[in-house]
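# Coordinates in review
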Amino acid sequence: MIYQRSSALFQEAKKYIPGGVNSPVRAFKAVGGDPIFVKEAKGAYLFDEDGNRFIDYIASWGPLILGHAFEPVINAVIEKARKGTSFGMPTEIETELARLAVSMVPNIDKIRFVNSGTEACMSAVRLARGYTGKDKIIKFAGCYHGHSDSFLIQAGSGALTFGSPNSPGVTQGTAKDTLLADYNDLEGVKKLVAVNKGEIAAIIIEPIAGNMGCIIPNDEFIHGLREICNQEGILLLFDEVMTGFRLGKGGAQEVLGVNADIVMFGKVIGGGLPVGAFAAREEIMNHLAPDGPVYQAGTLSGNPLAMSAGLAMLTELNKRSEVFESLADKTEHLHEGFDNVLRQKGIPYQINRFGSMISLHFTDEPVVDFASSVKGNNQTFKKYFHGMLEKGIYLPPSAFESYFLNDALSYADLDETIAALTSVFE
Ligand SMILES: *Cc1c(COP(=O)(O)O)cnc(C)c1O
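Predicted model only: the values in this text are computed from it and were never measured. (Residues numbered from 1 in each chain as written. Predicted model: local features only at pLDDT ≥ 70, side-chain atom pairs only at ≥ 80, totals over all residues. Heavy atoms only, no water.)

### Notes on the overall build of the chain
Threshold: Only runs of H or I of at least four residues qualify as helices and only runs of E of at least two qualify as strands under DSSP, and these elements are numbered from the N terminus. With the radius of gyration taken over C-alpha atoms, the globule rule is written as 2.2 Å times the number of residues to the power 0.38. By definition, residues are in contact when any of their heavy atoms lie within 4.5 Å. Computed with a 1.4 Å probe, the accessible areas rest on the Shrake-Rupley method; for each residue, only the protein chains presented here act as cover.
In terms of helices and strands, the chain carries 14 helices and 16 strands. Scaling as 2.2 N^0.38, a compact globule of 426 residues should have a C-alpha radius of gyration of about 22 Å, and the chain matches this with 21 Å. Summarising its shape, the C-alpha atoms of the chain cover approximately 55 × 55 × 45 Å along the three principal directions. Sequence-distant contacts, at least 24 apart, represent 71% of the contacts inside the chain between residues at least 6 apart. Carbon and sulfur atoms provide 52% of the accessible area of the chain, an area that totals close to 17,700 Å².

Okay, here's the thing in structure tokens:
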């Protein structure tokens, strides 16, 4: 394929935007080469500035679960835009989206809208601290909760009692309140809780992880976290920015059968516009300003265009709940096709899949946490990524991201993808 115009646009972008992108993973640093500039997209297909067509497996990193430029969402936004784009005053549509979201998700009474998943997670942690009167949080290595300071943390030298920054600009002071545990390691969590008894406000987790590939929690682990939280007065925070309204109407809480205390949303809930949200039972949410003392605000929060996109998206998903099953079936079809190809070629690999999330790791060992996910062979991944791209298949340009299937993908698209894999490892 020819990427002449994309490359020229990237050179120009780099003059004015750091790295030429507004979010780092877009820059192709992990796979090499220049990023592709999108011109437009429809359904399952992306069209770049050079006129190339790609079958899309990222769906804007999750939001576009019903495909690109989905008519009901686009129409809702256009109609709304004609009436004004922002007022900084309450509008009815905020309540409509809140009511619908609360009706779809178990165990939540009230929801607050923000503008991104980052904001949702950051605000949820503040609320958890304000509610419990405690400072520390436990997060899991490899889980991503946006780029706010408290989450950019690695295990520190005194890892049982404090973390350390993993980005310049994050202070030691912030890092000391974030403790790091390993995914699927309940004993590790118990140890942290014991050593920091009475100090932990929240355990925050991606209930199905999607930011170190797709990683599934084992039953004992996820139910064990709930139990520890109950025993110790810790709030369990489910970061459902990826899983919310993707794994089912009620998200991971519903499919795993585990209730969280605060749930965070992003991606699908905005239908492709910038929306995040966090939600909880009434007694917790009432601690939030203006009802309670925990401060949180936003000039563009509950923005009418964003709300109209989210409302159109959730309305459709609520109406067509069979879509989740159909997406899971498509994902299984892809999984089986990839299995057949890779087994035949004798390439070491692991595929993890849950609902419409799936990831491929080039390693012999089961991928169950961050440490096992980084063992994948990155040379093989690069060959795979660029080989697939050349065949018109757009995958996440990093081995640590889940693929997100969308409803517009046909079985013919999936079979084209499987055939592309065959030719990549010829
Ligand atoms: C994408 C993501 C975020 C961050 O959301 P942004 O809208 O990019 O700020 C947080 N948590 C999870 C699990 C995510 O996948």
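Read on for the rest.
### Some thoughts on the site of the ligand
Cut-off, in case you're wondering: A cutoff of 4 Å decides nearness: a residue is near a molecule or strand if any of its heavy atoms lies inside that distance of it. As used in this structure description, the phrase polar contact means that two N or O atoms lie within 3.5 Å; if the pair is within protein, one of them must be able to donate a hydrogen and the other to accept it, and residues adjacent in sequence are counted only when both atoms belong to side chains.
Contacts to the ligand come from Ser116, Gly117, Thr118, Tyr144, His145, Gly146, Glu206, Asn211, Asp239, Val241, Met242 and Lys267. In this structure, an oxygen atom belonging to the ligand sits 2.9 Å away from a main-chain N or O atom of Gly117. In the environment of the ligand, an oxygen atom lies 2.6 Å from a nitrogen or oxygen atom belonging to the side chain of Lys267.

### Some words on the domain arrangement of the chain
Where interface size is quoted, it is often the accessible area lost as the parts come together. For clarity, the cut-off: These domain boundaries are the output of an automatic or database domain assignment.
Under the domain assignment used here, the chain contains domain 1 (1–57) and domain 2 (71–319). The C-alpha-based centres of domain 1 and domain 2 are spaced at 30 Å.

### Focus on helix 7 (residues 219–232)
Note the cut-off: Multiplying one less than the number of residues by 1.5 Å gives the expected span of a helix. In this scheme, a residue with accessible area under 20% of its type's maximum is buried, one over 50% is exposed, and one in between is partly exposed, where area comes from a 1.4 Å probe on protein chains only.
Compared with an ideal rise of 1.5 Å per residue, which puts 14 residues at 20 Å, helix 7 spans 20 Å between its outermost C-alpha atoms and is within 8% of the ideal. Buried residues of helix 7: Phe221, Ile222, Gly224, Leu225, Arg226, Ile228 and Cys229, and no others. On its buried face, helix 7 sits against strand 5 (136–140), helix 6 (186–195), strand 9 (200–205), strand 10 (235–239) and helix 8 (251–256). Positive backbone phi, approximately 65°, marks Gly233, located one or two places after helix 7.

### Section: the pattern of salt bridges
Under the convention used in this document: The term salt bridge refers to a pairing of a side-chain nitrogen on Lys or Arg with a carboxyl oxygen on Asp or Glu at a separation within 4 Å.
By the definition in use, this model includes 18 salt bridges. Across the salt bridge formed by Lys42 and Glu71, the nearest N and O atoms sit 3.2 Å from each other. Remark: Glu71 occurs in helix 2 (residues 71–81) and Lys42 occurs in strand 1 (residues 38–42); sequence separation between them is 29 residues. Exposure remark for Glu71: the relative accessible area of 44% places this residue in the partly exposed category. In this structure, Glu316 and Arg320 form a salt bridge, with 3.1 Å as the shortest nitrogen-oxygen distance. A residue is classified by how much of its surface remains accessible, and Arg320, at 23% relative accessible area, is partly exposed. Through salt bridges with shared partners, one network takes in Glu316, Lys319, Arg320, Lys330 and Asp407.

### As for a negative patch on the surface
Quick note on the threshold: What goes into a patch is any residue over 30% in relative accessible area without a salt bridge, connected to like charges within 9 Å or, for nonpolar side chains (Val, Leu, Ile, Met, Phe, Trp, Tyr), within 5 Å. None of His or the chain ends enter the tally, which takes Lys and Arg as positive and Asp and Glu as negative. Think of each charge as sitting on NZ of Lys, CZ of Arg, CG of Asp or CD of Glu.
A contiguous patch of negative charge on the surface is contributed by Glu325, Asp329, Glu332 and Glu336. Locating Asp329 in the fold gives a position in helix 11 (residues 322–345).

### Examining the pairing of strand 13 (residues 350–354)
Which entries qualify depends on this criterion: One bridge is not enough; two strands pair if DSSP finds at least two bridges between them.
Bridge count for strand 13 against strand 14 (residues 357–361) is 5 bridges, and the pairing is antiparallel. The residue bridging Gln350 from the neighbouring strand is His361, located in strand 14. The antiparallel hairpin formed by strand 13 and strand 14 contains 2 residues in its connecting segment, where Gly355 sits at a positive phi of about 60°.

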